Amino acid sequence: MPKDFLSVADWTAEEIFSMLGRAQSLRRLHAQGERPQTLQGRTLAMYFEKPSLRTHVTFEAGMAQLGGHAVLLRPEKVGIGTRESPRDVARNLSRWVDVLMARTFSHSLVEQLAEEATIPIINGLTDLLHPCQAMADLQTMAAEQDPRRATLVYIGDGNNMANSLLLLSSVIGMNFRLATPESHRPSTRVRRQAETLAKASGASLSWTKDPVEAVRGADFIYTDTWTSMGQEEEAEWRRELFAGYQVNASLLLQAPDAFVMHCLPAHRGEEITSDVLDGPRSLVYEQAENRLHAQKAILERLILGPSAD
Ligand code: CP
Ligand code: NVA
């Protein structure tokens, strides 16, 4: 098994379903008031170059609930790449803590940290990928139906969320349709990797410019912000470019049985309307809840190995 959790594409379908099974058990145990102390005496370091609510709280609370501890590192204090090289930070942390979760702009920085560290590195979101969110989303979909038989449709910007869901679908054999403007399809690197993985898993992958065509027959409709963290200066032209990609009541008429998903934070009235986000078909708070359980399963897997599942 890989040392790190940088991309779902580094893991096999079997490993992903095994972590999913553990996340489902952890959710059940949590609801019964049980807190298995599997990570007693273990420490997670968390490094955030970008803001966070869900990732920060669920990693910190998750470690505490498993009997471990989390330390928050801020870029202005640590300065990876400015005060100190990624190599030295990775080598120091490897002597003190059991695992590092990093949210960075550049994906190559988490790759470099993983290469230099002897401890596991978890990708807590980069400009390219958000694999922890994809695992929570898998748990959320699995509560409704077998994901391998499901059709997931992503509408909007071909960003880190689109990339991660495309890779997840390709690994596990889920049908994935994407509706984005031609100019904002997922990165070529990710598309090539997804096509190779899909050949092995049998996933069907497709792309269209047209959100109405994309959502017909969908089981899950997913969207994310049109302006990701770090793109704030582009917000105005992005609102114009993606205006036709809003997930609203009229689009949902084309997919009467579909659930609606969003990783949050949402820009209500832009990529999704409030009536849909708060409506009966929305799974957004389930997704947020599952961040806690999915990440506990990832932490256990990386720290304790496959026996953890
Ligand atoms: N979905 C998600 O990762 O939320 P945060 O940015 O608040 O961590
Ligand atoms: N695409 C969004 C995801 C936030 C969880 C961003 O990168 O800001």
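Residues numbered from 1 in each chain as written. Chains lettered and ligands numbered in written order. Predicted model: local features only at pLDDT ≥ 70, side-chain atom pairs only at ≥ 80, totals over all residues. Heavy atoms only, no water.

Novice: Just give me the short version of unusual backbone geometry, but keep the residues and values in it.
Specialist: Residues other than glycine predominantly adopt negative phi, and peptide bonds predominantly adopt the trans conformation. Across the junction of Leu264 and Pro265, the peptide omega takes the value 5 degrees, indicating a cis bond. Tracing the backbone shows Pro265 in the loop between β9 (259-262) and α12 (274-277). The phi angle at Leu125 is positive, at roughly 120 degrees, despite the residue not being glycine. Within the element layout of this structure, Leu125 appears in the loop between β4 (121-123) and α6 (131-142). (Helix = DSSP H or I, 4+ residues; strand = E, 2+ residues; numbered from the N terminus.)

Novice: Can you break down the packing of aromatic side chains residue by residue, with the values?
Specialist: For the structure shown, the criterion picks out five aromatic pairs. Ring centres of Tyr154 and Tyr222 lie 6.0 Å apart, and the angle between their planes is 25 degrees; on these two criteria the pair is classed as stacked. With Tyr154 in strand β5 (residues 151-155) and Tyr222 in strand β8 (residues 220-223), this pair connects stretches of sequence that are 68 residues apart. Each member of the pair, Tyr154 as well as Tyr222, carries the same accessibility label: buried. Three or more aromatic residues joined by ring pairs form one cluster here, namely Trp226, Phe242 and Tyr245. One Lys or Arg, Arg148, reaches over the ring of Phe17 and ends 4.3 Å from the middle of that ring. (Phe/Tyr/Trp six-rings, centres within 6.5 Å; stacked < 30°, edge-to-face > 60°. Buried < 20%, exposed > 50% of the residue type's maximum accessible area, 1.4 Å probe, protein only. Lys NZ or Arg CZ within 6 Å of the ring centre and 35° of its normal.)

Novice: Give me the packing of helix α1 (residues 13-31) against helix α13 (residues 284-304): which residues, what numbers.
Specialist: A pair of packed helices can be characterised by two numbers: the angle between their axes and the separation between those axes. In the contact formed by α1 and α13, the axes pass within 8 Å of each other and the chain directions differ by 115 degrees. By crossing handedness, the relation of α1 to α13 is classed as right-handed. Contacts between α1 and α13 involve Glu15, Ser18, Met19, Arg22, Ala23, Leu26, Arg27 and His30 from the former and Glu286, Glu289, Asn290, Leu292, His293, Ala294, Lys296, Ala297, Ile298, Glu300 and Arg301 from the latter. Of the residues that constitute the contact of α1 with α13, the class distribution is seven nonpolar, four polar and eight charged. (Axes fitted to C-alpha atoms, helices over the stretch in contact; angles between N-to-C directions. Left-handed = near helix turned anticlockwise from the far one by under 90°. Contact = heavy atoms within 4.5 Å. Nonpolar A, V, L, I, M, F, W, Y, C, P; charged D, E, K, R; others polar.)

Novice: Lay out the nonpolar core with the relevant residues and their values.
Specialist: Counting 56 residues, the largest nonpolar core has Phe5, Ile16, Leu44 and Ile122 as its most contacted members. The element contributing the most residues to this core is helix α7 (residues 160-172), with eight residues. Those residues in contact with Ile16 that sit more than four places away from it in its chain are Val8, Trp11, Met135, Leu138, Leu168, Val171 and Ile172. One finds Leu252, Val260, Ile272 and Val284 within the second-largest nonpolar core, a separate group that totals 21 residues. (Core = buried A, V, L, I, M, F, W, Y, C linked by side-chain atoms within 4.5 Å.)

Novice: Mind laying out the site of ligand 1, listing which residues take part and the relevant values?
Specialist: By nearness alone, every residue bordering ligand 1 is listed as Ser52, Leu53, Arg54, Thr55, Arg103, His130, Gln133, Cys263, Leu264 and Arg291. Here an oxygen atom of ligand 1 and a backbone polar atom of Leu53 are 2.6 Å apart. Coverage of ligand 1 by the protein amounts to 97% of the 260 Å² it exposes when considered alone. Looking at the shell around ligand 1 residue by residue, the class counts come to three nonpolar, four polar and three charged. (Near = heavy atom within 4 Å. Polar contact = N/O pair within 3.5 Å; in protein donor to acceptor, adjacent residues only side chain to side chain. Areas by Shrake-Rupley, 256 points an atom, 1.4 Å probe, with all protein chains shown as cover.)

Novice: Lay out the site of ligand 2 with the relevant residues and their values.
Specialist: The local shell around ligand 2 consists of Leu125, His130, Asn159, Asn160, Asp224, Thr225, Ser228, Met229 and Leu264. The separation between a nitrogen atom of ligand 2 and a polar side-chain atom of Ser228 is 2.7 Å. Classifying every residue of the shell around ligand 2 gives three nonpolar, five polar and one charged.

Novice: Could you give an account of the sheet that holds strand β3 (residues 99-103), naming the residues involved and the relevant values?
Specialist: With respect to topology, four strands assemble into an open sheet ordered β2-β1-β3-β4, the strand pairing being parallel. Edge positions in the open sheet fall to β2 (69-73) and β4, since each of these has one partner strand only. Between one strand and the next, the sheet's axes are offset by a mean angle of 20 degrees, whatever the strand orientation. Across five bridges, strand β1 (residues 43-48) lies against β2 in parallel orientation. Each residue of the ladder has a partner; that of Ala45, found in β2, is Val71. Of the strands in this sheet, β1, β2, β3 and β4 touch helix α2 (residues 54-65), which is tilted by about 170 degrees from β1. (Pairing = 2+ DSSP bridges.)

Coordinates in, geometry out; function isn't part of it.
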